[in-house]
Amino acid sequence: MRCFEFLSNRQRQVVFFCFASVLLVTSVNAEEEWLSRSQRILNALDGQAKPTWLEGNPYQLEANRQAMEMMQNSNAMQSISASSNPLDKAVIPHPGNRSK
């Protein structure tokens, strides 16, 4: 970048650090504003009935069935992998315990 040619390496580092700090602070402020705006929206909706357009989703039952099936398969896979792991049953000698 030609606009920074007159700066020493140390001065370039300071400029970069300042620029990065400004971007970080701006990003954090934007996230905080988003979070507080989202919380205000949720608080305004608290206690209200669900909108009718959210009801009657023709895919909801199938989505629920698939989610339950995935959870059951996941639980079954976890129990199978836990019971069939050969390392769980094997006795592995500790390197410090040598039989003579």
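Bear in mind that the values here come from a model prediction, so they are computed numbers and not experimental data.

Participant: Outline the overall build of the protein, supporting the account with residue identities and numerical values.
Facilitator: Scanning the protein for helices and strands turns up 3 helices and 0 strands. When each of the 100 residues of the protein is scored for burial, the buried share is 1%. Summed over its atoms, the accessible surface of the protein is roughly 9900 Å², and 62% of this surface lies on carbon and sulfur atoms.

Participant: Break down helix H1 (residues 9–45) for me, citing the residues and quoting the values.
Facilitator: Taking 1.5 Å per residue, 37 residues should reach 54 Å; H1 reaches 54 Å between its end C-alpha atoms and fits that length. Gly-47 sits one or two residues past H1 and shows a positive phi near 90 degrees.

Participant: Tell me about the pattern of salt bridges, and please be specific about residues and values.
Facilitator: Opposite charge on two side chains allows them to pair when their charged atoms are near. For the coordinates displayed, the defined rule picks out 3 salt bridges. For Glu-55, the salt bridge is made with Lys-50, and the minimal N-O distance between the two is 3.4 Å. By relative accessible area, which is 46% here, Glu-55 ends up partly exposed. Notably, a salt bridge pairs Glu-69 with Arg-65, separated by 2.6 Å at the nearest N-O pair. Here Glu-69 pairs with Arg-65, and both are found in helix H2 (residues 60–84), just 4 residues apart, close to one helical turn.

Participant: Any chance you could break down the confidence of the model for the protein for me, citing the residues and the numbers?
Facilitator: Per-residue confidence for the protein averages 77 on the pLDDT scale, and 72% of its residues sit at or above 70. Per-residue pLDDT, averaged within each element of the protein, yields its smallest value for helix H3 (residues 86–89) (58) and its largest for H2 (83).

Calculation rules
- Residues numbered from 1 in each chain as written.
- Predicted model: local features only at pLDDT ≥ 70, side-chain atom pairs only at ≥ 80, totals over all residues.
- Heavy atoms only, no water.
- Helix = DSSP H or I, 4+ residues; strand = E, 2+ residues; numbered from the N terminus.
- Buried < 20%, exposed > 50% of the residue type's maximum accessible area, 1.4 Å probe, protein only.
- Areas by Shrake-Rupley, 256 points an atom, 1.4 Å probe, with all protein chains shown as cover.
- Expected span 1.5 Å × (residues − 1).
- Salt bridge = Lys/Arg side-chain N within 4 Å of Asp/Glu carboxyl O.
- pLDDT = per-residue confidence, 0-100.

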